[in-house]
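# Results of the structural survey
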Amino acid sequence: MAFFLCVAAASCFCQQGTLLDRIKANYSGQTPLSASFDVHILWKVREKEETRHGSIVLAPGDRFRIQLGSGLWVSNGKTLWQYDQTLGQVVIKQLTSADDALLPSRAVSRYCSSYPLAAKAAQGTNAVLEWKADSASAKQSAEVLLVRIVADKKTGAVVRLFVIDKTGNESTYSFAKTALGKAAPAKTFEFDPPKGARVLDQR
């Protein structure tokens, strides 16, 4: 569920209100969205790096389908399926039992609502918004030490999300082929366990 920690925006205090309004609309969970992404994580304590490729489809009503490596997470708004292809195992839960902060529709929004992002130097057609825990008190109270969002100035689509957590681990999410406002078929948000898979129904 690594992607749930990072990747999807509510009220922000920043110089680029118009851009943030577009980001908020895009990642509020009310706008259909799809994208492919790469996540690169640098584990500070373990001195290990990891890169995985994935895809995401979001729809209103906390419906989503996320593929990340051998893992798949599917929600129809009520039921959450977690499929591990390597283990050949499916865990089924009520979506209400999942941590609300980990839902993909909250990922970008929680960073924007919790941290006063400030505009930095633009990168071509992209704008850069950043917050850094400079004071000792901020470092103690914050879940992360740095948040940087790079977004397309025109569409408000997030191109890159960079986060340093309070233990120093660095996560970079790079998004491509982002499509906004295009509804996916309803079957995208349903999942039938593969034949032979071990099913753990926790509903």
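For the structure, check the block above.
The structure reproduced in this document is the subject of the present report. As the structure is a computational prediction, the values presented were derived from the model and not from experiment.

### Re the side chain of Asn 126
- Note that Asn 126 resides in strand β8 (residues 126–132).
- The residues touching Asn 126, leaving out its near neighbours within four places in the chain, are Val 150, Ala 151, Asp 152, Lys 153 and Val 159.

### Side note on the packing of aromatic side chains
- A full pass over the atoms with the stated rule returns 3 aromatic pairs.
- Seen in terms of ring centroids, Phe 37 and Phe 175 are 6.0 Å apart; in terms of plane orientation they differ by 40°. Their pairing is tilted. Note that Phe 37 is positioned in strand β1 (residues 33–43) and Phe 175 in strand β11 (residues 170–180), a separation of 138 residues in sequence.
- Classification of Phe 37 by relative accessible area gives buried; the value is 1%.
- With relative accessibility at 15%, the residue Phe 175 sits in the buried group.

### Some details on the sheet that holds β1
- With mixed pairing, 12 strands are arranged side by side in an open sheet as β7-β8-β9-β10-β11-β1-β2-β3-β4-β5-β6-β12. The strands lining the two open edges of the sheet, one partner per strand, are β7 (118–123) and β12 (198–201). Neighbour to neighbour, the strand axes of the sheet diverge by 15° on average, direction disregarded.
- Relative to β12, strand β6 (residues 89–94) runs parallel, the two being bridged by 4 bridges. Residue pairing for β12: Gln 89 is matched across the bridge by Arg 198.
- Strands β9 (144–152) and β10 (158–165) of the sheet are contacted by helix α3 (residues 107–114), whose axis makes an angle of about 115° with β9.

### Details of the environment of Trp 131
- Relative to the helices and strands, Trp 131 resides in strand β8.
- Under the relative-accessibility criterion, Trp 131 is labelled buried at 12%.
- The spacing of Trp 131 and Pro 116 is 15 residues in sequence and 6.3 Å in space, taken between C-alpha atoms.

### Structural notes on unusual backbone geometry
- At Asp 62, a residue that is not glycine, the phi angle is positive and equals roughly 55°.
- With respect to the helices and strands, the residue Asp 62 is situated in the loop between β2 (48–59) and β3 (63–68).
- For Asp 62, a relative accessible area of 22% puts it in the partly exposed group.
- We note that Lys 177 has phi near 55°; this positive angle belongs to a residue other than glycine.
- Following the sequence through the fold, Lys 177 ends up in strand β11.
- Overall, the relative accessible area of 75% leaves Lys 177 in the exposed class.

The rules behind the values
Residues numbered from 1 in each chain as written. Predicted model: local features only at pLDDT ≥ 70, side-chain atom pairs only at ≥ 80, totals over all residues. Heavy atoms only, no water. Helix = DSSP H or I, 4+ residues; strand = E, 2+ residues; numbered from the N terminus. Contact = heavy atoms within 4.5 Å. Phe/Tyr/Trp six-rings, centres within 6.5 Å; stacked < 30°, edge-to-face > 60°. Buried < 20%, exposed > 50% of the residue type's maximum accessible area, 1.4 Å probe, protein only. Pairing = 2+ DSSP bridges. Axes fitted to C-alpha atoms, helices over the stretch in contact; angles between N-to-C directions.

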